[in-house]
Amino acid sequence: MAADVLADMRANPRNIRFADALKVAEAFFGPARRSGSHHVFRMPWPGDPRVNLQVAKDGKAKPYQVRQLLAAIDRVELTHADQQEAAVRRSTQDRTKRHARRRH
């Protein structure tokens, strides 16, 4: 379900139910800290993009906040991909070093 909502968010950030945006944000960033009508999520980095969601008058998420959520998700996914790539590089380097030692 979260993947479907995420695809919908990317296609049209203006037409996302607040409850759906909240579920996606919680899936990526854990529970929100509430301050009045604001749902503020802790980021694994300092500064922007930050995620702050609040319900609009029509029961939908505010479009600019959906775009901020998408930017934060993209950053998390990019960081995760970079970490996986670095792990593969380290593994390959370790295998190359072990192979070089065996030849001597």
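Structure shown above.
Caption draft 1: Geometry of the nonpolar core. The biggest cluster of nonpolar side chains holds 21 residues, and the ones touching the most others in it are Met 9, Phe 29, Phe 41, Val 51, Leu 53 and Leu 69. Among the elements that line this core, the one with the most residues is helix H2 (residues 18-29), at six residues. Excluding residues that lie within four positions of it along the chain, Met 9 makes contacts with Ile 16, Val 24, Val 66, Leu 69 and Leu 70.

Caption draft 2: Quick look at the packing of aromatic side chains. Counted under the stated rule, the structure contains two aromatic pairs. On the numbers, 6.3 Å between centres and 40° between planes, the contact of Phe 28 with Phe 29 is tilted. Judged by relative accessible area, Phe 28 falls into the partly exposed class, the value being 32%. For Phe 29, a relative accessible area of 11% gives the class buried.

Caption draft 3: Region of the structure containing the sheet that holds strand E2 (residues 38-41). In space, the three strands of this open sheet follow the order E1-E2-E3, with antiparallel pairing throughout. Two strands bound the open sheet, and with one partner strand each, they are strand E1 (33-35) and strand E3 (51-53). Across the sheet, the mean angle from the axis of one strand to that of its neighbour is 25°, orientation sign disregarded. Where E1 meets E2, three bridges bridge the pair, whose relative direction is antiparallel. Counterpart to Arg 33 in the pairing with E2 is Val 40. Against the sheet, H2 engages E2 and E3, with an angle of about 20° to E2.

Calculation criteria
Residues numbered from 1 in each chain as written. Predicted model: local features only at pLDDT ≥ 70, side-chain atom pairs only at ≥ 80, totals over all residues. Heavy atoms only, no water. Core = buried A, V, L, I, M, F, W, Y, C linked by side-chain atoms within 4.5 Å. Buried < 20%, exposed > 50% of the residue type's maximum accessible area, 1.4 Å probe, protein only. Helix = DSSP H or I, 4+ residues; strand = E, 2+ residues; numbered from the N terminus. Contact = heavy atoms within 4.5 Å. Phe/Tyr/Trp six-rings, centres within 6.5 Å; stacked < 30°, edge-to-face > 60°. Pairing = 2+ DSSP bridges. Axes fitted to C-alpha atoms, helices over the stretch in contact; angles between N-to-C directions.

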